[in-house]
Amino acid sequence: MTEPETEIAPQERARRLVRTQDRGRLATLTDGAPYASLVLSASDHAGAPLLLLSDLAEHSRNIKADSRVSLLFEDTAELEDPLTGARVTLLGRAELYEGDAERTRYLARHPSAAGYAEFDDFNFYRVSVTRAHLVDGFGVIDWIEGDALACEAPELAAVEPEIVADMNANHANTIALYARYLLGLEGQGWTMTGIDALGLDLRAGSCIARLDFSAPVTDPDGARHTLHALAEAALDEQRQAS
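Everything numeric here is computed off the predicted structure, so don't read it as measured data.

### Some points on the overall build of the protein chain
And step 1. Within the protein chain, the secondary structure is distributed over eight helices and 11 strands.
And step 2. Taking 242 residues into account, the globule formula puts the C-alpha radius of gyration at 18 Å, and the protein chain, at 18 Å, falls close to it.
And step 3. On the principal axes, the C-alpha backbone points of the protein chain span a range of 60 × 45 × 35 Å.
And step 4. A buried classification covers 43% of the 242 residues belonging to the protein chain.
And step 5. Taking contacts inside the protein chain between residues at least 6 apart in sequence as the whole, the part at least 24 apart equals 62%.
And step 6. Taken as a whole, the protein chain presents about 13,200 Å² of accessible surface, with 52% of it coming from carbon and sulfur.
And step 7. In the protein chain, the 21 positive side-chain charges and the 40 negative ones have mean positions that sit 3 Å from each other.

Right, here's the structure in full:
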């Protein structure tokens, strides 16, 4: 008997969408009028968007005058009718913020930004989300409070650099198995760029990918167990495909 598919909560759908995308549409206020621009994004461990912005950009000047912003993330590029796809609009405030972990996560997701990050007129921002509006297909519309989107795991965050470095240095074949047999991705050169409570991030050249966990991971032991279980699942898929 087939088990019924578990319903995914709106906040989980929104979290996945934000963490999966590497860019969004940022709306700020120019003399009280909406102004939209394209920005590259990453997420901190709690899931809050991180941005690297130039002081010379219009949106940066707008944020200095009024920190209220919205960010649109969407996953519609491959759809014949984009309006049937998932998108989420985050409402909140953009604040200057730079911690070592956040900087590392952003630059791992966007290595081409490493040079800009050293310029005096580029700064990191963290968007503190107050509400989110999710549209995920026909009739699936939800407002979500910002607190419901956060998913923190401080113990895991503290060891993320060690896990990522170890996986890339010693388990490149396992990462390749994740990409090929769990995500169906072709190509070589996949590396891990991050791990958080809800999944892990991969990159190969300009391509990024996200592998979600079936349950939240909160500490190093849980991460090791989950990464091993994913490797076993990928090997099973490989054997079946042979």
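### So, the pairing of strand 1 (residues 23-30)
And step 1. Note that strand 1 and strand 2 (residues 33-40) share eight bridges and pair antiparallel. Looking at the pairing, Thr28 lines up with Tyr35 of strand 2.
And step 2. The turn joining strand 1 and strand 2, which pair antiparallel and follow one another in sequence, is formed by two residues; a positive phi near 50° is taken by Asp31.
And step 3. Pairing of strand 1 with strand 5 (residues 68-75), which is carried by three bridges, proceeds in the antiparallel orientation. In the strand pairing of strand 5, Arg25 is matched with Leu72.

### Brief notes about the packing of helix 6 (residues 154-170) against helix 8 (residues 220-241)
The angle between the axes and the distance between the axes are what describe a pair of packed helices.
And step 1. Two elements in contact, helix 6 and helix 8, have axes separated by 9 Å at closest approach and are oriented at 40°. Taken together, the axis directions place helix 6 and helix 8 in an arrangement best described as oblique. Helix-helix and strand crossings are classified by hand; for helix 6 and helix 8 the assignment is right-handed. Along its contact with helix 6, which presents Glu155, Leu156, Val159, Ile163 and Met167, the element helix 8 presents Pro220, Ala223 and Leu227.
And step 2. In terms of residue class, the contact of helix 6 with helix 8 is built from seven nonpolar, no polar and one charged.

### Structural notes on the environment of Gly194
And step 1. Among the secondary structure elements, Gly194 is positioned in strand 9 (residues 191-196).
And step 2. Gly194 sits 143 residues away from Leu51 along the chain, and the two C-alpha atoms are 16 Å apart.
And step 3. Ignoring sequence-local partners within four residues, the contact set of Gly194 consists of Arg105, Glu160, Val164, Leu200 and Asp201.

### Quick notes on the environment of Val159
And step 1. Relative to the helices and strands, Val159 is located in helix 6.
And step 2. Between the alpha carbons of Val159 and Ile195 there is a distance of 9.6 Å; along the sequence they are 36 residues apart.

### Side note on the packing of aromatic side chains
And step 1. Per the stated rule, a full pass over the model turns up four aromatic pairs.
And step 2. Both rings, one in Tyr106 and one in Phe124, keep their centres 5.5 Å apart while their planes meet at 80°; by these two values the pair is edge-to-face. Taken as a pair, Tyr106 in helix 3 (residues 100-109) and Phe124 in strand 7 (residues 122-136) lie far apart in primary sequence, 18 residues in all.
And step 3. Overall, the relative accessible area of 2% leaves Tyr106 in the buried class.
And step 4. Here the aromatic rings of Tyr116 and Phe119 are separated by 6.1 Å at their centres, their planes lie at 85°, and the arrangement is edge-to-face.
And step 5. Each residue in the set Tyr116, Phe119 and Phe122 is aromatic and connected to the rest through ring pairs, giving one cluster.
And step 6. Against the face of Trp143 rests Arg131, its NZ or CZ located 4.0 Å from the ring centre.

### Structural notes on the nonpolar core
And step 1. Tyr178, Met192, Ile195, Leu200, Leu202 and Leu227 are the most contacted members of the largest nonpolar core, which totals 25 residues.
And step 2. Broken down by secondary-structure element, the contributors of at least two residues to this core are helix 6, helix 7 (172-182), strand 9, strand 10 (199-204), strand 11 (207-212) and helix 8.
And step 3. Apart from the residues within four sequence positions on either side, Met192 is in contact with Val164, Met167, Asn168, Ile175, Leu200, Asp201, Leu202 and Leu227.
And step 4. Counting 22 residues, the second-largest nonpolar core is a separate cluster that includes Leu53, Leu90, Ala94 and Ile144.

Conventions we followed
- Residues numbered from 1 in each chain as written.
- Predicted model: local features only at pLDDT ≥ 70, side-chain atom pairs only at ≥ 80, totals over all residues.
- Heavy atoms only, no water.
- Helix = DSSP H or I, 4+ residues; strand = E, 2+ residues; numbered from the N terminus.
- Rg over C-alpha atoms; globule rule 2.2 N^0.38 Å.
- Buried < 20%, exposed > 50% of the residue type's maximum accessible area, 1.4 Å probe, protein only.
- Contact = heavy atoms within 4.5 Å.
- Areas by Shrake-Rupley, 256 points an atom, 1.4 Å probe, with all protein chains shown as cover.
- Lys, Arg positive; Asp, Glu negative; His and termini not counted.
- Charge placed at Lys NZ, Arg CZ, Asp CG, Glu CD.
- Pairing = 2+ DSSP bridges.
- Axes fitted to C-alpha atoms, helices over the stretch in contact; angles between N-to-C directions.
- Parallel < 35°, antiparallel > 145°, perpendicular 65-115°, else oblique.
- Left-handed = near helix turned anticlockwise from the far one by under 90°.
- Nonpolar A, V, L, I, M, F, W, Y, C, P; charged D, E, K, R; others polar.
- Phe/Tyr/Trp six-rings, centres within 6.5 Å; stacked < 30°, edge-to-face > 60°.
- Lys NZ or Arg CZ within 6 Å of the ring centre and 35° of its normal.
- Core = buried A, V, L, I, M, F, W, Y, C linked by side-chain atoms within 4.5 Å.

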